[in-house]
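In case you want the letters, here they are:
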Amino acid sequence: MDKKLLGIDLGGTTVKFAILTQEGDIQQKWSIDTNILDEGQHIVPDIIESINHHLALYNMKPEQFIGIGMGTPGSVNIVEGTVIGAYNLNWKTLQPVKEMIEKGTGIPFFIDNDANVAALGERWKGAGENDPDVVFVTLGTGVGGGIVMNGQLLHGAAGCAGEIGHITVDPEGFECTCGKRGCLETVASATGVVRVARQLAEEYAGGSELKARLDNGEDITSKDVFELAAANDDLALRVVDKVTFYLGLACGNIGNTLNPSAIIIGGGVSAAGEFLRSRVEKYFQQFTFPQVRNSTKIKLAELGNEAGVIGAASLAQ
């Protein structure tokens, strides 16, 4: 029998699971709620129980699996299989995830950071087309990333490789939660887009639906900004131009440093699609030299929510 892979994408609200073939095709998938009560101590036992329950349901045994791979928020020690500092999971202390899951399921277990595994997923089965050199940028609540070079995920000396959200794009810019100023995350995350909109609205004098909504104290989202820009709202277009300038600058620096075949943009903000991608590409071309400009493509992610489970499963290969 062909052995299977099991992928887990652990998020702050849900845990997604998938059973995959060795080629990366999903055969079964399910999810459970993430119970972050009591400092997140129920999360790993819930995962073990769910795996064992579904294996029994599908009449499968632990020996039919090559391994389990999981993507998680927080700082991950990939050798020890531990996680610390995943604040949206309430994990404040060191979690021996690998030890617990291997003991609870009898299946070998591998773990990495959630943005890294999403990068692996997009590289393997998505827009990366299984090329050896691919960079993934995820624009969500924050800005994360993952770098695959020569077919290997880069981790760096302290596991911080791929922290694309902390590339400085404006030294005089907004303060970031990391303690420095002008990080990409402060202007290109979902909240960052809104922050840029508020800043530009202050000095904007023309007629604009976006300006009117902000002046009325209405809550707006990055999705609203992109929708208004697509409808030719002048202020919204200025906001999108500024955000894509910063993204193009960061991608240009990545391109000039690493020259991947593709820089793939995913996450919630990337739902703006070609409207976003084409503008990032325009600035990317301004900030790269010809050989990079001609060989590194700016692409949109293709796997959506499934990038995490697919990439996680690939850790076990």
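Conventions we followed
- Sequence positions are assigned chain by chain, starting from 1 and proceeding in written order.
- Per-residue local features are limited, in this predicted model, to residues with pLDDT of at least 70; the limit for side-chain atom pairs, both in listing and counting, is 80 or more; totals at the level of whole chains, interfaces and linings are taken over all residues.
- Computation of side-chain values covers all heavy atoms of the structure but excludes hydrogens and water.
- When two cysteine sulfur atoms lie within 2.5 Å, the pair is treated as a disulfide.
- With a 1.4 Å probe rolled over the protein chains alone, any residue whose accessible area is under 20% of its type maximum counts as buried; one over 50% counts as exposed, and the rest are partly exposed.
- Under the DSSP-based scheme used, a helix requires at least four consecutive residues in state H or I and a strand at least two consecutive residues in state E, with every element numbered from the N terminus.
- In this description, contact between two residues means that some pair of their heavy atoms is separated by no more than 4.5 Å.
- In this analysis, rings of Phe, Tyr and Trp, with Trp reduced to its six-membered ring, are considered paired at centre separations within 6.5 Å, and the interplanar angle assigns stacked below 30 degrees, edge-to-face beyond 60, and tilted for intermediate values.
- Consider the ring centre and the ring normal. A charge sits over the ring if Lys NZ or Arg CZ is within 6 Å of that centre and within 35 degrees of that normal.
- By this definition, two strands are paired if DSSP reports at least two bridges between them.
- The convention used is that axes are lines fitted to C-alpha atoms, helices contributing only their stretch in contact, and that angles between N-to-C directions extend from 0 to 180 degrees.
- Any carboxyl oxygen of Asp or Glu that lies within 4 Å of a side-chain nitrogen of Lys or Arg is treated as forming a salt bridge with it.
- Throughout this description, a polar contact denotes any pair of N or O atoms lying within 3.5 Å of each other; where both atoms belong to protein, one of them has to be capable of donating a hydrogen while the other can accept it, and for residues adjacent in sequence the pair is counted only when both atoms sit in side chains.

A.B. asks: Go over the state of the cysteines, please, and point to the residues and values.
C.D. replies: Inspection of every chain in the model, using the stated rule, returns 0 disulfides. Free cysteine: Cys-178, not disulfide-bonded; nearest cysteine sulfur from Cys-183 at 3.7 Å. Classification of Cys-178 by relative accessible area gives partly exposed; the value is 42%.

A.B. asks: So what about unusual backbone geometry? Which residues, and what values?
C.D. replies: One non-glycine residue, Asn-90, adopts positive backbone phi at about 70°. Inspection of the secondary structure puts Asn-90 in the loop between strand S6 (82-84) and helix H3 (97-105). A positive phi is found at Asn-130, a non-glycine position, where the angle reads about 60°. By the secondary structure assignment, Asn-130 is in the loop between helix H4 (114-125) and strand S8 (134-139).

A.B. asks: Lay out the side chain of Ser-270 with the relevant residues and their values.
C.D. replies: Tracing the chain through its elements places Ser-270 in the loop between strand S11 (262-266) and helix H10 (274-286). Residues within four places of Ser-270 in sequence aside, it is in contact with Ile-265, Leu-276 and Leu-300.

A.B. asks: Can you tell me about the packing of aromatic side chains, naming the residues and giving the values?
C.D. replies: Ring pairs (aromatic) are described by centroid distance and by the angle formed between their planes. Scanning the model with the defined rule gives 6 aromatic pairs in all. Ring centres 5.1 Å apart and planes at 5° place the aromatic pair Phe-17 and Trp-30 in the stacked group. Of this pair, Phe-17 sits in strand S2 (residues 14-20) while Trp-30 sits in strand S3 (residues 26-33), placing them 13 residues apart in sequence. Judged by its relative accessible area of 1%, Phe-17 is buried. For Trp-30, a relative accessible area of 10% gives the class buried. Between Phe-245 and Tyr-283, the ring centres sit 5.4 Å apart and the planes meet at 85°, which makes this aromatic pair edge-to-face. Here Phe-245 is found in helix H9 (residues 234-258), whereas its partner Tyr-283 is found in helix H10, with 38 residues between them in sequence. Take Tyr-283: its relative accessible area is 10%, and that puts it in the buried class. Chaining the aromatic ring pairs together yields one cluster made of Phe-245, Tyr-246, Tyr-283 and Phe-287. One residue, Arg-195, lies across the ring of Phe-174, its end atom 5.5 Å from the ring centre. A cation over a ring is seen here: Arg-279 above Phe-275, with NZ or CZ 3.8 Å from the ring centre.

A.B. asks: Account for the sheet that holds strand S7 (residues 109-113), with residues named and values stated.
C.D. replies: The mixed open sheet is built from 5 strands, whose spatial order is S3-S2-S1-S4-S7. Looking at strand neighbours, the two that pair on one side only are S3 and S7, the edges of this open sheet. Strand after strand, the sheet turns through a mean of 15° between neighbouring axes, direction not considered. Here strand S1 (residues 4-10) pairs with strand S4 (residues 65-72) via 6 bridges, running parallel. Following the sheet pairing, Leu-5 is matched in S4 by Gly-67. Contacting S1, S2, S3 and S4, helix H2 (residues 43-57) runs over the sheet at an angle of about 140° to S3. Each of S1, S4 and S7 is contacted by H4, which is oriented at about 100° to S7, the strand it contacts most.

A.B. asks: Requested: an account of the sheet that holds strand S12 (residues 297-300), with residues and values cited.
C.D. replies: Spatial strand order, S10-S9-S8-S11-S12: 5 strands in an open sheet with mixed pairing. Edge positions in the open sheet fall to strand S10 (152-153) and S12, since each of these has one partner strand only. Summarising the sheet, S8 and strand S9 (residues 143-149) pair through 6 bridges and their orientation is antiparallel. Bridge pairing in S9 places Phe-136 opposite Gly-146.

A.B. asks: Before we move on, can you summarise the pattern of salt bridges with the specific residues and values?
C.D. replies: Pairing of side chains with opposite charge becomes possible as their charged atoms draw close. Summed over all chains, the structure comprises 12 salt bridges. As a salt-bridge pair, Arg-181 and Glu-175 come within 3.3 Å of each other at their nearest N and O atoms. For Glu-175, a relative accessible area of 57% translates into the label exposed.

A.B. asks: Give a detailed account of the side chain of Ser-208, specifying residues and quantitative values.
C.D. replies: Residue position: Ser-208 is located in the loop between helix H6 (190-202) and helix H7 (209-215). On the basis of relative accessible area, Ser-208 is assigned to the buried category, the value being 12%. Side-chain polar atoms of Ser-208 contact the backbone nitrogen of Lys-211, separated by 3.0 Å.

What is shown is where atoms sit, not what they do.
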